[in-house]
Amino acid sequence: MGINYFLILALLLFSIGVAGVLLRRNAIIVFMCIELMLNSVNLVFVSFSSYLGNSIGQIFVFFIMTVAAAEAAVGLAIIIALFRNKETINIDEINILKW
Amino acid sequence: MLPNWLARPALAGLGLSPGYSFILYLALIFNHNLNFLQFTFENILILFFSLLAVFGALMMVTRKNPITSALYLILNFFCVSAIYLLLRAQFIAIIQVLVYAGAIMVLFLFVIMLLNLHDESKLSEKITYKKLSAILISLLLFSVLAITVYFSYMNKYREIHSSAETIGTIEVIGNELYTTFSFPFELVSFVLLAAIVGAIVLAKKKFD
């Protein structure tokens, strides 16, 4: 099984994540789709790492996971703050920044 | 928003291009890449887990209830972790379960519990041009990237590298992390510190 298979799988997961971000109106689910996209990028890193025999890709995955955890914490705090102020997490109704 | 008479042909044109490229891509795979269908035990495991991962992702996007979505996302994370194991990346597979399926998803479920969303139906809407074009755009993205990747790696990297089993261990990764990548490692701890402070500041009710 060549590397193509894993790359296409990662692309499929990434596209599903993009579709979710564009389709869903619930901010939490949009956030989960972003996690899915980060995860598919990790899959690309790991598959290249093991097909090239180089461990640096896996170290990058470690860093990406740290950033994803930080991003999830801050993003969910933003969602809580938004819900406290506007009583909604529908991203169509959160448009104060829209000019 | 485009008027109706303009939106329909525009969408049709947008929809035809990913459709054609998708069919072209499938034809290419089944014509050229038949040796991908060697049914060894490992390949069957990889196929099974990748199908389950895609299923979990699709269900995550389509379910209305956020808790169901979160559970399907956890299924997807476990399947991706199994694929990491089959790619001989043991440490990353364990970290995937611990950090993603453990820590991050528990955070998500906590927030869903805290927010107490009573009417879910208000968040969903009927099929509109917006939804249709979102699906078409993601399909277009997939087909463009898939064709590029497919032609770039058509005859390269057919097998997992022979040293792959040794580089995925905690020993090798830890050694690399604390010597070559010690500076980024320290920087990442600052990222985490900033995230902790930021999360507390954002979620706090009032500033004294």
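Everything here concerns the structure above.
It should be emphasised that the depicted structure is a prediction, and the values quoted were computed from it without experimental measurement.

Participant: Requested: an account of the overall build of chain A, with residues and values cited.
Facilitator: Across its full length, chain A holds 3 helices and 0 strands. The order of α-helices and β-strands along chain A, N terminus first, is α-α-α. For chain A, the spread of C-alpha atoms along the three principal axes comes to 50 × 25 × 20 Å. By residue count, 66% of the 99 residues in chain A fall in the buried class.

Participant: Can you lay out the overall build of chain B for me, pointing to particular residues and giving the numbers?
Facilitator: Check the secondary structure of chain B and you find 8 helices and 0 strands. Listed by position from the N terminus, the elements making up chain B come as α-α-α-α-α-α-α-α. The burial tally for chain B puts 33% of its 208 residues in the buried class. When the accessible surface of chain B is split by element, carbon and sulfur atoms take 72% of a total near 12,700 Å².

Participant: How would you explain helix 5 (residues 129–152) of chain B if you had to name every residue and give the values?
Facilitator: Along its 24 residues, helix 5 of chain B runs 34 Å from first to last C-alpha, staying within 8% of the 34 Å computed at 1.5 Å per residue. When we look at burial in helix 5 of chain B, the residues that qualify are Ser 133, Ala 134, Leu 136, Ser 138, Phe 142, Ser 143, Ala 146, Ile 147, Val 149 and Tyr 150 of chain B.

Participant: Explain the interface of chain A and chain B to me, and be specific about the residues and the numbers.
Facilitator: Taken together, the 69 residues of chain A in the interface contact 84 residues of chain B. For the pairing of chain A and chain B, the buried interface totals around 7,100 Å² over both sides, and the portion due to carbon and sulfur atoms is 78%. For the interface between chain A and chain B, the tally reads 1 salt bridge. Between Asp 92 of chain A and Lys 130 of chain B there is a salt bridge, with the nearest N and O atoms lying 4.0 Å from each other. Counting across the interface, chain A meets chain B through 10 residue pairs in polar contact (both at pLDDT 80 or more). Among the secondary structure elements, those contributing two or more residues to the side of chain A that touches chain B are helix 1 (3–23), helix 2 (27–52) and helix 3 (56–86) of chain A. Here the side of chain A that touches chain B takes 22 residues from helix 3 of chain A, the largest share from any one element. For the side of chain A that touches chain B, a count of residues per class yields 48 nonpolar, 16 polar and 5 charged.

Participant: Requested: an account of the nonpolar core, with residues and values cited.
Facilitator: In terms of nonpolar packing, the biggest core is built from 72 residues, with Ile 28, Met 32 and Ile 79 of chain A together with Ile 92, Met 105, Phe 108 and Leu 115 of chain B touching the most fellow members. A per-element tally of this core places helix 4 (residues 90–115) of chain B first, with 12 residues. Each of two domains, domain 1 (4–161) and domain 2 (169–208) of chain B, supplies a minimum of three residues to this core. Those residues within four positions of Ile 92 of chain B in sequence are excluded, and the remaining contacts are Val 46, Gln 58, Val 61, Phe 62 and Met 65 of chain A together with Tyr 84 of chain B.

Participant: Got a sec to walk through the pattern of salt bridges? Specific residues and values, please.
Facilitator: Per the counting criterion, the structure on display carries 4 salt bridges over all chains. With a closest N to O distance of 3.3 Å, Asp 92 of chain A and Arg 25 of chain A form a salt bridge. Of this pair, Asp 92 of chain A sits in the segment after helix 3 while Arg 25 of chain A sits in the loop between helix 1 and helix 2, and the two are 67 residues apart along the sequence. A salt bridge links Glu 42 of chain B to Arg 88 of chain B, with the shortest nitrogen-to-oxygen separation between them at 2.9 Å. Of this pair, Glu 42 of chain B sits in helix 2 (residues 41–62) while Arg 88 of chain B sits in the loop between helix 3 (66–86) and helix 4, and the two are 46 residues apart along the sequence. A residue is classified by how much of its surface remains accessible, and Glu 42 of chain B, at 30% relative accessible area, is partly exposed.

Participant: A description of unusual backbone geometry should follow, citing residues and the corresponding values.
Facilitator: Residue and element names in this part refer to chain B. In the Ramachandran plot, Arg 88 falls in the positive-phi region, its phi being about 70° despite a non-glycine side chain. Its identity as a non-glycine residue notwithstanding, Tyr 157 has a phi of 50°, on the positive side. With respect to the element layout, Tyr 157 can be found in the loop between helix 5 and helix 6 (164–167). Classification of Tyr 157 as partly exposed rests on a relative accessible area of 29%.

Participant: Explain the packing of helix 3 of chain A against helix 8 (residues 182–203) of chain B to me, and be specific about the residues and the numbers.
Facilitator: The relative placement of two packed helices is expressed as an angle between their axes plus a distance between the axes. Two elements in contact, helix 3 of chain A and helix 8 of chain B, have axes whose closest approach is 9 Å; the angle formed by their N-to-C orientations is 10°. Overall, the two elements helix 3 of chain A and helix 8 of chain B adopt an arrangement that is roughly parallel. Two secondary-structure elements touch here, helix 3 of chain A through Phe 62, Phe 63, Thr 66, Ala 70, Ala 73, Val 74, Ala 77, Ile 78, Ala 81 and Arg 84 of chain A and helix 8 of chain B through Pro 184, Phe 185, Val 188, Val 191, Leu 192, Ala 195, Ala 199, Leu 202 and Ala 203 of chain B. The residue inventory of the contact of helix 3 of chain A with helix 8 of chain B, partitioned by class, reads 17 nonpolar, 1 polar and 1 charged.

Participant: So what's going on with the packing of aromatic side chains? Which residues, and what values?
Facilitator: Pairs of aromatic rings are described using the distance from one ring centre to the other and the angle between the two planes. Within this structure, the stated rule accounts for 15 aromatic pairs over all chains. Each ring, one from Tyr 5 of chain A and one from Phe 6 of chain A, has its centre 5.7 Å from the other, and the planes form 90°; the classification is edge-to-face. Note on accessibility: Tyr 5 of chain A and Phe 6 of chain A belong to one class, buried. Joined through ring pairs, the aromatic side chains of Phe 62 and Phe 63 of chain A together with Phe 91, Tyr 178 and Phe 185 of chain B make up one cluster.

About the cut-offs
Residues numbered from 1 in each chain as written. Chains lettered and ligands numbered in written order. Predicted model: local features only at pLDDT ≥ 70, side-chain atom pairs only at ≥ 80, totals over all residues. Heavy atoms only, no water. Helix = DSSP H or I, 4+ residues; strand = E, 2+ residues; numbered from the N terminus. Buried < 20%, exposed > 50% of the residue type's maximum accessible area, 1.4 Å probe, protein only. Areas by Shrake-Rupley, 256 points an atom, 1.4 Å probe, with all protein chains shown as cover. Expected span 1.5 Å × (residues − 1). Contact = heavy atoms within 4.5 Å. Buried area = accessible area lost by both parts, 1.4 Å probe. Salt bridge = Lys/Arg side-chain N within 4 Å of Asp/Glu carboxyl O. Polar contact = N/O pair within 3.5 Å; in protein donor to acceptor, adjacent residues only side chain to side chain. Nonpolar A, V, L, I, M, F, W, Y, C, P; charged D, E, K, R; others polar. Core = buried A, V, L, I, M, F, W, Y, C linked by side-chain atoms within 4.5 Å. Domains from an automatic or database assignment. Axes fitted to C-alpha atoms, helices over the stretch in contact; angles between N-to-C directions. Parallel < 35°, antiparallel > 145°, perpendicular 65-115°, else oblique. Phe/Tyr/Trp six-rings, centres within 6.5 Å; stacked < 30°, edge-to-face > 60°.

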